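Report on the structure
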Amino acid sequence: MNIKLFDRNISAVSLIEIMMIFTIIGVVTTACIGLAKPKYEYMKKIKLFSALDMLENAAKIIQQEGSIDYTSDINTCSNRSGNYCTDYDNQYPHLNNQLPKASYRSQKDTTASLNKTIYSKLNATEQSQFQNLQKGLCDRLQKVFVTQGYKKQSCAAADLIEDSNIANIRGNGYFKNKTPQIILPNGQALFISKHLYTDYGSNRYIVYATTQETGYDNYTESVAVGTDNCTGYHGLGCARLSSYVSGLPNGHNILMSQPNETRLAAAEYSVGVTSAARDVKKLYARNKDYFVIYVDTNCQMHNGNNSDKMCGSDTLNDDVFAFRMYRDGTVIPDESTSFPANMLTARVLIQDSNDEEGKFKVSNVNYANLPLNKARCYANLMCNGINNNAICSICNNYAQVYNPLSECVTPSGDSKCKVIINKPSFVMR
């Protein structure tokens, strides 16, 4: 009998081979852990990029449709009856290509005086369309998003975000139990600030523009009467404006609490009195009143359920991020809430003087990957060529940007540059 017939193929793994296997596993595991943080940052950037794009598109639609704010034409109306401007009797109330002056406007505000204008002669469908143009930003945004399959929630004043003191909204889980105004198909939630704001220097002021605002008599024509012979512009005297542009005197809040159109009208009337008024006129040519929109990029916990692992913490700058939506349709990150500036970057394009078609190019690599707000400051898209930091303070966060790039400023102070947002890319560095 041949014992070799019973031999078996016996294989074994040596200690060295086992060590090599575990070494490989360790390397792969380390690599995966190393990729986790860049992937997390990339996903956050993608969400913020999408949120910004979404808000820009919505703001553009509303801005192009225009708004009617004849119940709150504060201090630009020569005759008033209560909160209604009688200048519009038998006229078409002013339609402007700006976002509304209020986050929310009641049905009473949108219909109370309609029968005094030419709109009363329109049919019901046409009247309904014009009433929509009088609604606040919340209703207007809901209308834009609902047509895209989004779910609207509450626009009640009590559900809007009270953020006049930013410190109050920084708490952990602050947005957990808040009622969103809009819920996106992917579960993300939008919250809208209760107030309209404007900046002057390092201060932020509430702009009072509707009867929903309390504590301010916003329909009194004589709230800012000047002390010299420049009081002819419906109570907004140029003496008051002259004081306002030189510092923060008593009564400064009164003028700053007026809407952009009112401050612009005062600046136009006072332009011959003070050179600073000319800068104010330039600045307010672009509407600098803004709302704050909070986007929960990782869905809201259901009824404050802490065990909902699918959603984030509902905390500012963790999964909720703030954007400014200016009334001229511009949308930018709100860095006053400590928005992580490097999460959204952009490049500044300068018009090529050697190109017959006037195409744009990046003339310097230093302008190719800047925080979005910084890029807009470089490109002269925020301050209209004004280097007075008290008047235009949004660029103060960037020490070297007290002046925009010279090649981006026209003689009139406008911009001849573009800013293009850099789409996030998952690239190992």
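Predicted model, so just to flag it, every value in this text is computed and none were measured.

Summarising the element assignment, N260 is placed in helix α7 (residues 260-269). There is a polar contact of 3.3 Å between the side chain of N260 and the backbone nitrogen of K288. Excluding residues within four positions of it along the chain, N260 makes contact with Y284, R286, N287, K288, D289 and R327.

Bringing the nonpolar core into the picture now. L55, L141, L190, I293, F323, M325 and V348 are the most contacted members of the largest nonpolar core, which totals 47 residues. When contributions to this core are tallied by element, the ones reaching two or more residues are α1 (15-65), α4 (137-146), β7 (189-192), β10 (290-296), β11 (320-326), β13 (345-351), α9 (372-378) and β16 (417-421). Per element, the largest residue contribution to this core is nine residues, and it comes from α1. Ignoring sequence-local partners within four residues, the contact set of I293 consists of L55, L137, L141, L190, F191, I192, F321, A322, F323 and M325. Judged by nonpolar contacts, the second largest core, of 33 residues, contains F191, L283, I386 and I394.

Here we take up the packing of aromatic side chains. The full count for this structure, using the stated rule, is eight aromatic pairs. Pairing F321 with F339 gives two aromatic rings, centres 5.8 Å apart and planes at 65°, and the pair type is edge-to-face. With F321 in strand β11 and F339 in the loop between β12 (331-333) and β13, this pair connects stretches of sequence that are 18 residues apart. The exposure class assigned to F321 is buried, which follows from its relative accessible area of 0%. Taking the relative accessible area as the measure of exposure, F339 reaches 5% and is therefore buried. Each member of the aromatic cluster is reached from another via a ring pair, and the members are Y174, F175, F191 and Y294. The ring centre of Y326 lies 5.5 Å from the NZ or CZ of K288, which sits over that ring. The lysine or arginine in question, R324, covers the ring of Y290, its NZ or CZ lying 4.0 Å from the ring centre.

Residues spaced three or four apart along an α-helix face the same direction, because each turn holds 3.6 residues. Of all the 10 residues making up α4, seven are buried; the element is thus mostly covered by neighbouring parts of the structure. Those residues of α4 not exposed but buried are L137, C138, R140, L141, Q142, V144 and F145.

As enumerated under the stated definition, the model contains four disulfides in all. Between C138 and C155 runs a disulfide, and the two sulfur atoms are separated by 1.9 Å. Residues C138 and C155 are joined by a disulfide whose S-S torsion is about -90°; by sign, that bridge is left-handed. With C138 in helix α4 and C155 in the loop between β5 (151-152) and β6 (182-183), this pair connects stretches of sequence that are 17 residues apart. Residue classification places C138 among the buried residues on the basis of a relative accessible area of 0%.

Cut-offs applied
- Residues numbered from 1 in each chain as written.
- Predicted model: local features only at pLDDT ≥ 70, side-chain atom pairs only at ≥ 80, totals over all residues.
- Heavy atoms only, no water.
- Helix = DSSP H or I, 4+ residues; strand = E, 2+ residues; numbered from the N terminus.
- Polar contact = N/O pair within 3.5 Å; in protein donor to acceptor, adjacent residues only side chain to side chain.
- Contact = heavy atoms within 4.5 Å.
- Core = buried A, V, L, I, M, F, W, Y, C linked by side-chain atoms within 4.5 Å.
- Buried < 20%, exposed > 50% of the residue type's maximum accessible area, 1.4 Å probe, protein only.
- Phe/Tyr/Trp six-rings, centres within 6.5 Å; stacked < 30°, edge-to-face > 60°.
- Lys NZ or Arg CZ within 6 Å of the ring centre and 35° of its normal.
- Disulfide = S-S within 2.5 Å.

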